[in-house]
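If you want the building blocks of each chain, they are given just below.
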Amino acid sequence: PLSGIVCERYGRRPGTILGEVSIILGSVICALAPSWAVLCLGRAMLGLGIGFCTLAKPLYVKETAEPSAVGPVLAAFAPSVAVGVMASRMVGGLPGWHWRGKALLGAAPAVVLLFVACSCMPESPAWQRRQHAAAAPGQKVDASSSSQHGVASRHLAILLACGLGVANQGTGSYAFNVYGTVLFPMGPVGGLVTAAANVVGAVIVVPLMGYCPSRMLCVVGLLGMTACATAAAVLVASIGGSPSPLLVALVSAWSLLYQIGPGGGYFAQIVEISGDDLRPLTIAVGNSVRFACEFLASLLLIGAS
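Residues numbered from 1 in each chain as written. Predicted model: local features only at pLDDT ≥ 70, side-chain atom pairs only at ≥ 80, totals over all residues. Heavy atoms only, no water.

**As for the overall build of the protein**
Broken down by element type, the protein carries 14 helices and zero strands. When the elements of the protein are put in sequence order from the N terminus, they spell out α-α-α-α-α-α-α-α-α-α-α-α-α-α. Per-residue burial over the protein gives 43% buried out of 305 residues. Of all intrachain contacts in the protein linking residues separated by at least 6 positions in sequence, the fraction that spans at least 24 positions is 83%. (Helix = DSSP H or I, 4+ residues; strand = E, 2+ residues; numbered from the N terminus. Buried < 20%, exposed > 50% of the residue type's maximum accessible area, 1.4 Å probe, protein only. Contact = heavy atoms within 4.5 Å.)

Have a look at this one:
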């Protein structure tokens, strides 16, 4: 919610800069933490930065990219996250590296993006136009996008954002990321296989977003995730949680289907259905629900272990 206020009042560029600065500070605090309390503070700073970037960047893409490219470009968010997850798992296995050094590596992408945002990232043209129109007396604010939908569609967009946040990005994203390490350890190979499937699914979804409706991808992904999760749960109950090739395959399929459907379609659908004046709110509400579900999923899975 805070990122929505900042991005709408001050612009998408300041929201992006705030997010990257928070991620850098959080990584440094984690790397230098002398105690668990300070480590938790660093994690909170990282979460704040992720919240800002997760809202500011889709808004910026929607308002600057060519209309025909918005879907695939927004879908590229999924491969970026998937590659980051796989990279973090590979960094975690680096021999000879202290955990503090690994934590500090998390700041590297943010440093690059902060440089880009500060040096050569122009403000969103759509946001600038609305600011100028609102500041100029006697001029009508451009609301062509929002007028196409009306009040009922606005309410539907908010509900859709919340629903997609719960179903697609909440418990599912946390579950498949920690499935192999919390409930039944599969070892580093199983974790990397799952992360690799995550990347493959995310890469596949980018061209699909250019040809398939995001709603269709979401439905297909949810159905596939449900089938894989059910099969994995039945298998775990029958074998007592012992690792097996079939279990690794199911979790990998879950990761792939997750990115083909919900992972890629989530942002695209929320961004496309919302009017200009409603878009920050829908993304903020959807992300808030998403992260709340991830938090609840983490408590449930940690408790189950």
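There's plenty left to go through after this.
**A look at helix α8 (residues 125-135)**
Residues Ala126, Trp127, Arg130 and Ala133 constitute the buried set of α8. Looking straight down α8, one finds its buried side chains confined to an arc of 130°; they lie on one side. Residues of α8 that are exposed and angled more than 90 degrees away from the buried face: His132 and Ala135. Here the buried face of α8 lies against α1 (2-10), α2 (12-32) and α3 (36-64). (Arc of directions from axis to C-beta.)

**So, the nonpolar core**
Core analysis: the largest hydrophobic core is formed by 14 residues, its most contacted members being Ile23 and Ile24. Of all elements in the fold, only α2, α3 and α7 (107-119) reach the threshold of two or more residues within this core. Apart from the residues lying within four places of it in its own chain, the contact partners of isoleucine 23 are Met45, Leu46, Gly49, Ile50, Cys53, Gly106 and Ala110. Within the second largest apolar cluster, 11 residues are counted, among which are Cys7, Leu55, Leu59 and Val70. (Core = buried A, V, L, I, M, F, W, Y, C linked by side-chain atoms within 4.5 Å.)

**Observations concerning the side chain of threonine 16**
For threonine 16, the location among the structural elements is in helix α2. Setting aside residues no more than four positions away along its own chain, threonine 16 makes contact with Cys53, Ala56, Lys57, Ala117 and Met121.

**Describing a nonpolar patch on the surface**
A surface patch of nonpolar side chains, amounting to about 270 Å² of accessible area, comprises Val28, Leu32 and Leu104. Its place among the elements puts valine 28 in helix α2. Exposure remark for valine 28: the relative accessible area of 31% places this residue in the partly exposed category. (Patch = residues over 30% accessible without salt bridge, like charges linked within 9 Å, V, L, I, M, F, W, Y side chains within 5 Å. Areas by Shrake-Rupley, 256 points an atom, 1.4 Å probe, with all protein chains shown as cover. Salt bridge = Lys/Arg side-chain N within 4 Å of Asp/Glu carboxyl O.)

**Brief notes about the pattern of salt bridges**
Under the counting rule described, the total for this entry stands at three salt bridges. The salt bridge involving lysine 57 is made with glutamate 20; its shortest N-O contact spans 2.7 Å. Of this pair, lysine 57 sits in helix α3 while glutamate 20 is found in helix α2, placing the two residues 37 residues apart along the sequence. Judged by its relative accessible area of 28%, lysine 57 is partly exposed.

**Looking at α1**
If you check which residues of α1 are buried, you get Ser3, Gly4, Val6 and Cys7. Here the buried face of α1 lies against α2, α3 and α8. In the stretch just after α1, glycine 11 is the one whose phi turns positive, near 120°.

**Remarks on the confidence of the model for the protein**
A low pLDDT score tells you not to read the predicted coordinates there in detail. Per-residue pLDDT for the protein has a mean of 75; in total, 73% of the residues score no lower than 70. Per-element confidence in the protein is highest for α2, whose mean pLDDT is 93, and lowest for helix α9 (residues 144-147), whose mean pLDDT is 50. (pLDDT = per-residue confidence, 0-100.)

**So, the environment of glycine 201**
Its location among the elements puts glycine 201 in helix α11 (residues 187-211). Taking the relative accessible area as the measure of exposure, glycine 201 reaches 0% and is therefore buried. Each C-alpha atom, one on glycine 201 and one on serine 255, is 7.3 Å from the other, the two residues being 54 residues apart in sequence. Setting aside chain neighbours within four positions, we find glycine 201 in contact with Leu256, Gln259 and Ile260.

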